[in-house]
Amino acid sequence: MSEYLLCLFLLCIGLYCVLRKRNIIKIIIGLGIIEYAVNLFLVLAGYRVHGRAPILAKDQEILNIVDPLPQALVLTSIVIGLAITALVVAIAIRIYEKYGTFDITKIRRLRG
Amino acid sequence: MNHEPRTMNYLIPFFTIIPLGAAFLISLFGKRIKGLPDFLANLGSFSLLALSLYSIFLVIGGRTLVYKVGGWAPPFGICMVLDALSTFMLVTVNLVSFLVTVYCINYMEKYSDKYKFYTLFMLMLAGMNGIIITGDLFNLFVFLEIASISSYALVAFGTEAEELEASFKYAVMGSVASSFILLGIALLYSYTSTLNMADISGVLAEKQPATLVNFIAVLFLAGFGLKAALVPFHAWLPDAHPSAPAPISAMLSGVLIKVLGVYALMRIFFNLLGVNNTILSLFLFLGAISMLVGVFLAIGQWDFKRLLAYHSVSQIGYVILGIGLGTPLGVLGGLFHLFNHSLFKSLLFLNSGAVDYSLGTRDLQKMGGLREKMPVTAATNLIASMSIAGVPPFNGFWSKLIIILACLQVNRFGYAICAVLASILTLASFMKVQKYAFLGKFSEKLKTIKEVPLAMKLSMVILAIICIFAGALLLPLFKGFLDSAVNVLLLNNYKEAVFQAAI
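Note that the structure is a prediction, hence the values are computed from the model and not measured.

Attention shifts here to the overall build of chain A. Each helix and strand in chain A was counted, giving three helices and zero strands. Walking chain A from its N terminus toward its C terminus, one meets helices and strands in the order α-α-α. For a compact globule of 112 residues, the expected C-alpha radius of gyration is about 13 Å, and chain A comes in at 20 Å, more than 25% above that figure. Projected onto its principal axes, the C-alpha coordinates of chain A cover approximately 65 × 30 × 20 Å. Evaluated residue by residue, chain A yields a buried proportion of 25% over its 112 residues. In chain A, the proportion of contacts linking residues at least 24 apart, taken out of those at least 6 apart, comes to 50%.

Have a look at this one:
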């Protein structure tokens, strides 16, 4: 149970970081933390206590295996997260070139 | 009994193969061979349109087609499902995207790196078509991210200060929403131990109602609601949509928010989780709020594209209101309005792009008297404005009428009044556009402007003609197209349909 609570706590840290921080690089890090919290939750959802790797071998009887599907999903999700992070960092660099600052409160030309 | 169309299921993956292949070829050869990006993008989107029109005949009479990826039967493998609702959405998306690519031939000349634009465009199209045809929940998430990431990049395509700022905002909010969706999927997987959408609906129907399902519903509502720009989650849209190049604004407002938001909401709530009165009244409330807030914010805008973007929020409210009624007439009105809105909103954004192309400004106060110099743009804009404001006999009138009638049918008078009020305010704000941009006095500074080139004119005129005649979809001859899409949502036999088709 405590693993799930820690996972939720991590999610909350990430959300706090996205909502409260002014520096856009810190916001990007917050996005990363949210992603990792969700990925961790996916892995936890497939975990079985004392489970072993789901590899089928000859003359072995496997009683308790972890669920392999969430692990495959997490790999995909990590790659997607990488793509988002790369794109957002690239945008942040271009923003710095245009505005000369990383402070989100000073990047406000769009209004209304 | 005719088994012929069932064997045509090998066509289904082509909805994602064609745009992905086009994106690959364009990015590989587009820089060296001039004219190739235009040709490939138009060929790709035209063949997608032809394929989606053909698929209407495959699903006629509520038939369902399933393609098993790698030959693995559901619920074990990934499957792609083509039913009447998917076909309806595919026709909407591919019709708009074909006309937008025609428009791009001339419009995108002013940007460098046209081939990169087309690559991203095709990736976005692949993502949207993928969301529509997939039958697997995680696959839906992957396609959703493909479409979202390419749209973040496309919003920033001009790399001006405002565009980057809008894109950053959009990317941050969008990826938080995606995380919520993924969390919802993870919870749903741990509860049902399956990812196949048909199987999930079967498993959930057998279990007792649980609090966890409500929690998952809230996560999905927040995630997809943000993608659809429903009112508490709409803050990114008025920044992101106007900042993109005009054809992309047309795609984003016209189809992206509907596929990523409304279609996914409909599919997940009606076919997977199952709707109850609480969820439906939540839909109704969100729809009505979006409708009113969107239009009130729109009426004060002076930036042409920003005004249109706020109207997208408002019109999505109509769609959600119609669907939230949950009656056959209401859902019919919602879907029909979704189709109509994608037509006239993309036409309006293409008009704003045409004005921007000739004048170089989006400020309504700097325009005036464009009717004389740009007759085609002015005429098509008049048609689109009348459609969005719901003036008979244009298409917007019929779908709004159905939604209002559906409200009255179930005695929701308050919501009917909201819908009428929003429609009147829409009319007012488009009269403002007409007055300041196209009528009025012709200023001396604008003497040198010219009408836009042929390809842009062509796509605007075709969209305007469809806007005039789309009301004909309600005639008995064509009504089966909409009715069978409504039946997919309301008949509650998604699981049986998919599993029978997969045999």
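Scanning chain B from terminus to terminus reveals 20 helices and two strands. In terms of overall size, chain B behaves like a compact globule, its C-alpha atoms giving a radius of gyration of 22 Å where 503 residues would be expected to give roughly 23 Å. Principal axes of the C-alpha set define a box for chain B whose edges measure 70 × 60 × 45 Å. The 503 residues of chain B split such that 61% are buried. Long-range pairs, those at least 24 residues apart, make up 80% of the contacts in chain B with a sequence separation of at least 6.

Another point: unusual backbone geometry. Residues and elements named next belong to chain B. For the bond running from Pro74 to Pro75, omega is 10°, close enough to zero to count as cis. You can see Pro75 is positioned in the loop between β1 (65-68) and β2 (79-82). In this chain, Pro392 is followed by Pro393 through a cis amide linkage whose omega measures 5°. Looking at the element boundaries, Pro393 is found in the loop between α15 (375-389) and α16 (395-409). Backbone geometry at Ser193 places phi at a positive 60°, although glycine is not the residue there. We classify Ser193 as partly exposed; it has 14 C-beta atoms within 10 Å. The backbone of Asn411 shows a phi angle near 60°, a positive value even though the residue is not glycine.

Turning our eyes to something else, we now look at the packing of helix α12 (residues 304-325) of chain B against helix α17 (residues 413-438) of chain B. Think of two packed helices as two axes; the pair is described by the angle between the axes and how far apart they sit. All names here are of chain B. Here α12 crosses α17 at 160°, and the two axes come no closer than 11 Å. One finds that α12 runs roughly antiparallel with respect to α17. Every pair of crossing elements has a handedness; the one defined by α12 and α17 is left-handed. Taking contact as the criterion, the partners of Phe304, Leu307, His311, Ser314, Tyr318 and Leu321 in α12 are, on α17, Tyr415, Ala419, Ala422, Thr426, Ser429, Val433 and Ala437. Of the residues contributing to the contact of α12 with α17, the split by class is nine nonpolar, four polar and no charged.

Turning our eyes to something else, we now look at the interface of chain A and chain B. Counting from both sides, the interface comprises 28 residues of chain A and, opposite them, 28 residues of chain B. The element contributing the most residues to the side of chain A that touches chain B is helix α3 (residues 68-99) of chain A, with 14 residues. Each residue belonging to the side of chain A that touches chain B can be placed in one class, and the counts come to 21 nonpolar, three polar and four charged.

Residues and elements named next belong to chain B. The end-to-end C-alpha distance of α16, which contains 15 residues, comes to 21 Å, matching closely the 21 Å that a straight helix rising 1.5 Å per residue would cover. Along α16, the residues classified as buried are Asn395, Gly396, Trp398, Ser399, Lys400, Ile402, Ile403, Ile404, Ala406 and Cys407. Following α16 by one or two positions, Asn411 has its phi on the positive side, about 60°.

With that out of the way, let us pick up the confidence of the model for chain B. The predicted model of chain B averages 91 in pLDDT, with 98% of residues at 70 or higher. Taken together, the chains of this predicted complex give a pTM of 0.94 and an interface ipTM of 0.95.

In this model helix α2 (residues 24-45) of chain A runs 32 Å from its N-terminal to its C-terminal C-alpha over 22 residues, within 8% of the 32 Å that 1.5 Å per residue would give. Every buried residue of α2(A) is accounted for by A:Ile24, A:Ile27, A:Ile28, A:Gly30, A:Leu31, A:Ile34, A:Glu35, A:Ala37, A:Val38, A:Asn39, A:Phe41 and A:Leu42. Tucked inside the fold, the buried residues of α2(A) contact α1 (2-20) and α3 of chain A together with α6 (161-192) of chain B.

Let us now look at the environment of B:Ala240. Residues and elements named next belong to chain B. Structurally, the position occupied by Ala240 is in helix α9 (residues 237-243). Considering only alpha carbons, one finds Ala240 and Val433, 193 residues apart in sequence, at a separation of 21 Å. Each residue touching Ala240, except ones within four places of it in the same chain, is listed here: Val155, Ala166, Ser167, Lys169 and Tyr170.

On to the packing of helix α4 (residues 114-133) of chain B against helix α10 (residues 246-273) of chain B, then. Residue and element names in this part refer to chain B. Two elements in contact, α4 and α10, have axes separated by 10 Å at closest approach and are oriented at 30°. Our classification of the angle between α4 and α10 gives roughly parallel. For the crossing formed where α4 meets α10, the hand is left-handed. For the pair formed by α4 and α10, the contact residues are Met124, Met128, Ile131 and Ile132 on the first element and Met251, Val255, Leu256, Val259, Leu260, Tyr263 and Ala264 on the second.

Cut-offs used in this document
Residues numbered from 1 in each chain as written. Chains lettered and ligands numbered in written order. Predicted model: local features only at pLDDT ≥ 70, side-chain atom pairs only at ≥ 80, totals over all residues. Helix = DSSP H or I, 4+ residues; strand = E, 2+ residues; numbered from the N terminus. Rg over C-alpha atoms; globule rule 2.2 N^0.38 Å. Buried ≥ 20, exposed ≤ 12 C-beta atoms within 10 Å, placed from the backbone. Contact = placed C-beta atoms within 7 Å. Axes fitted to C-alpha atoms, helices over the stretch in contact; angles between N-to-C directions. Parallel < 35°, antiparallel > 145°, perpendicular 65-115°, else oblique. Left-handed = near helix turned anticlockwise from the far one by under 90°. Nonpolar A, V, L, I, M, F, W, Y, C, P; charged D, E, K, R; others polar. Expected span 1.5 Å × (residues − 1). pLDDT = per-residue confidence, 0-100.

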